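Summary of the model geometry
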Amino acid sequence: MTTLAAAAGTEAAPEPAEASGPRRSFGRYLAGKVLGALGSLLFVLVVNFFLFRVLPGDPARSLTRGRVVSKEQMDAFREQYGLDQPLAQQFLTYLKNTAQGDLGVSIRYNVPVSELIVDRMWPTIALVGVSTLLATVIGVYLGMVSAWRRGGGFDRFSTGITLTLYSMPEWWLGLLLIAGLSVGFGPLPGIFPTGGLNSIDADPSSLSGMLDSAWHLTLPVITLTLAYLAEYSLIMRSSLLDELGENYLTTARAKGLRDVEVRRRHAVPNALLPTTTLAALNIGFVVSGAITIETIFSIPGLGLLSYEALSIPDYDVLQGTFLLASGAVIVANLVANLIYGVLDPRVRT
Amino acid sequence: MDHLLELDGLSVSYRTADGPLPAVRGVDLVVDAGEVVGIAGESGCGKSTLASTVLRLQPKDAVVEGEVLVAGRDVLTMGWGDLRALRWAEASIVFQGALHSLNPVRRIETQIAEPIQLHEPGLSTAEVTARVGELLEQVGIPAARSRVYPHQLSGGQRQRVMIAMALACRPQLIVADEPTTALDVMVQAQILDLISGLVKDLGVGMLIISHDLSVLSDVCDRVAVMYAGRVVECGSAEQVFRAPAHPYAKALAQAFPRVGDPAARYAPAGLAGDPPDPHAPPPGCTFEPRCTLAVDACREAEPPLLDIGGRQSACIRVGAA
């Protein structure tokens, strides 16, 4: 065996050095991704600031809502909001305030934007978070079973349904469900509330009030789940089909594993990689809210907040929600990269 | 005494839209302990299909007839539980293209440990880890490298990992399907050295599949040459490689010029034509359309595999040239 070892030695010699070890390479991978995310965040801050400065319209004038005001009053407004300062100075102030968590004041509600956002975040997180979770679990399961029974009845049924849902605009699906299940259809009475987060007489802080909110959220959650799950199902199906053709599954079967174990230990974890990325990325969209769904169901979340702010326009609120949405996507992207780095050693090198 | 592996009248055909497509047609073959048997032949001759039947790993659309006896038990008819217990513990496979045959996102130690844990559930984690380390050292990879992933290894090292994995449950029989095909010549020689050494040290039997007759002549005791699903020549490696009898075996042997042999170097030896269409084979000998020695009798019936001076050959014209 000594000659064999010597032979192996000569073979190993000309190879690129890989002695750096998995830990160090993961550290480098991590540092690179975090730096990239910080760069994106800075870019978003810049765009976010200048986007609202190049938009047509005068914030001070829109504040007055068309009433007749004197020049002195206008100047006072401009001074109050720092609009009399040079643009560069305004940008620095914006950066400083944002870093301190001060996102400005809503002109509609006359409360700090940060408070408004925190207040409106919970319905959105409940709605989009629960929908994303349900869609991921159900979608992955549907895709998995479809791939195992490719071409079978279940596959054709499931793929047909999910493709239909995928091609349907979510607000249209929402309107159909409201028409069918809330308003009632023909002689059938409506089951679900048509919109809002609470019944008029409910106390949102009590247990019954929370159950009432959950009841109000049911139909929007169903709508969003149906709208989202197609993506997961189709991606899981195709990535599992890709994996099922791989040779290492033959190796696993040759080792004496049961077919179920071959799938569970080898095929499914590898097929889950693309789905994991998708799920992590979509978590980023949770806080930006489902604008259309929140609007048609009148859910007072971040999506509806942005929608309302846009119609005034409430600049500070828009700036705040935009920043939050982009920041969340960047963070989610970073998380997706890190998860992928942990799950798939190939991307680290 | 049962043979380690005995193929008895093995035929495999694939179900296709145009009717059954024969891939292996009536192959008889025996492998004993301590023996390395090679199967040579060009792409599509059925050699990989044959290898896959040893552990009943043939594709779902394959119809298999005949017997595949591993240590006297028929793999093709045994129950699934018995089959799973036999797989890897009694016979294992070194697949070609180790990059794709290893799970890309699992550490090599996990993959080598998997069959050990499956077939010897009584072993402690420490014992399994120790065995994995020994196996890696045995194929010339430092045990300290056990935590790497397949993509961090070179092609030769990955093939070594495949070999270590094949040895994991100390099987009596190892099937190597094109074990060196994707490797460069130097690494190929090292892997072949390793395989010969292991067969000698461990006394296992090995069935090795290759399109490269020179690879087989280096490591094999006996070689069978396949053409269009049949064995057309079978004998000692020396006989088949140095003095092939069947015209196809001759062409195959001449396709690999020997170093230092000017005659082979100056006689460019190729083989005109393509293998026959398996849906419409020629009426007589399947090699007849490409054969330079063919006579009318060759077109009448497929010649049987006959004993000729210590070897077998399926040609009625043996000795004619």
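Residues numbered from 1 in each chain as written. Chains lettered and ligands numbered in written order. Predicted model: local features only at pLDDT ≥ 70, side-chain atom pairs only at ≥ 80, totals over all residues. Heavy atoms only, no water.

All right, on to helix 6 (residues 113-148) of chain A then. The end-to-end C-alpha distance of helix 6 of chain A is 50 Å, a good match for the 52 Å that 36 residues give at a rise of 1.5 Å each. Taking the largest bend as the criterion, helix 6 of chain A deviates by roughly 35°, centred on Met121 of chain A, and proline Pro123 of chain A comes between one and four positions later. (Helix = DSSP H or I, 4+ residues; strand = E, 2+ residues; numbered from the N terminus. Expected span 1.5 Å × (residues − 1). Bend = angle between axes of the 7 residues up to and from the residue.)

Before going further, it helps to spend a moment on the UniProt feature "domain: ABC transporter" (unreviewed entry) in chain B. The sites that UniProt annotates as "domain: ABC transporter" (unreviewed entry) are residues 5-253 of chain B. What you have in residues 5-253 of chain B is 38% helix and 26% strand, and the ends, taken at the C-alpha atoms, are 26 Å apart. (UniProt positions renumbered as here; feature names shortened; annotations may be inferred.)

Here the focus is the sheet that holds strand 2 (residues 21-31) of chain B. Residue and element names in this part refer to chain B. Reading across from one edge, 2-1-4-5 is the order of the four strands in this open sheet, with antiparallel pairing throughout. Looking at strand neighbours, the two that pair on one side only are strand 2 and strand 5 (73-74), the edges of this open sheet. Where strand 4 (residues 62-70) and strand 5 come together, two bridges link them in antiparallel fashion. Bridged to Leu69 within strand 5 is Asp74. (Pairing = 2+ DSSP bridges.)

Counted by the stated rule, this structure contains 18 salt bridges over all chains. The partner of Arg346 of chain A in a salt bridge is Asp344 of chain A, with the nearest N and O atoms 3.0 Å apart. Across the pair Glu302 of chain B and Arg230 of chain B runs a salt bridge whose closest N-O atoms are separated by 3.3 Å. Note that Glu302 of chain B is positioned in the loop between helix 11 (262-266) and strand 11 (306-308) and Arg230 of chain B in strand 10 (residues 230-236), a separation of 72 residues in sequence. One network of salt bridges, in which partners are shared, links Arg108, Arg120 and Glu308 of chain A. (Salt bridge = Lys/Arg side-chain N within 4 Å of Asp/Glu carboxyl O.)

Sheet strands associate in pairs through backbone hydrogen bonding, adopting either a parallel or an antiparallel arrangement. Residues and elements named next belong to chain B. Read across the sheet, eight strands follow the order 6-7-8-3-9-10-12-11 without closing on themselves; strand pairing throughout is mixed. Of all strands in the sheet, those with a lone pairing partner are strand 6 (91-94) and strand 11, marking the two edges. When strand polarity is set aside, the average angle formed by the axes of neighbouring strands in this sheet is 25°. Sheet topology note: the strand 3 (residues 36-40)/strand 9 (residues 222-227) ladder contains four bridges and is parallel. The residue bridging Ile39 from the neighbouring strand is Ala224, located in strand 9. Contacts from helix 6 (residues 155-166) reach strand 6 and strand 7 (173-177) within the one sheet, and its direction differs from that of strand 6 by about 175°. (Axes fitted to C-alpha atoms, helices over the stretch in contact; angles between N-to-C directions. Contact = heavy atoms within 4.5 Å.)

All names here are of chain B. Along the chain, the position of Glu233 falls in strand 10. Among the polar contacts made by the side chain of Glu233, one reaches the main-chain amide nitrogen of His246 at a distance of 2.6 Å. A polar atom in the side chain of Glu233 sits 3.2 Å from the side chain of Ser313. For Glu233, the residues in contact, after removing those within four places along its chain, are Val223, Ala224, Val225, Val240, Pro244, Ala245, His246, Ala249, Leu305, Arg311, Gln312 and Ser313. (Polar contact = N/O pair within 3.5 Å; in protein donor to acceptor, adjacent residues only side chain to side chain.)

All names here are of chain B. Even without a glycine there, the phi angle at Arg56 is positive, about 50°. Here Arg56 lies in the loop between helix 1 (47-53) and strand 4. Residue classification places Arg56 among the buried positions, given a relative accessible area of 13%. Positive phi outside glycine occurs at Ala228, with the angle close to 50°. Of note, Ala228 is situated in the loop between strand 9 and strand 10. A residue is classified by how much of its surface remains accessible, and Ala228, at 23% relative accessible area, is partly exposed. (Buried < 20%, exposed > 50% of the residue type's maximum accessible area, 1.4 Å probe, protein only.)

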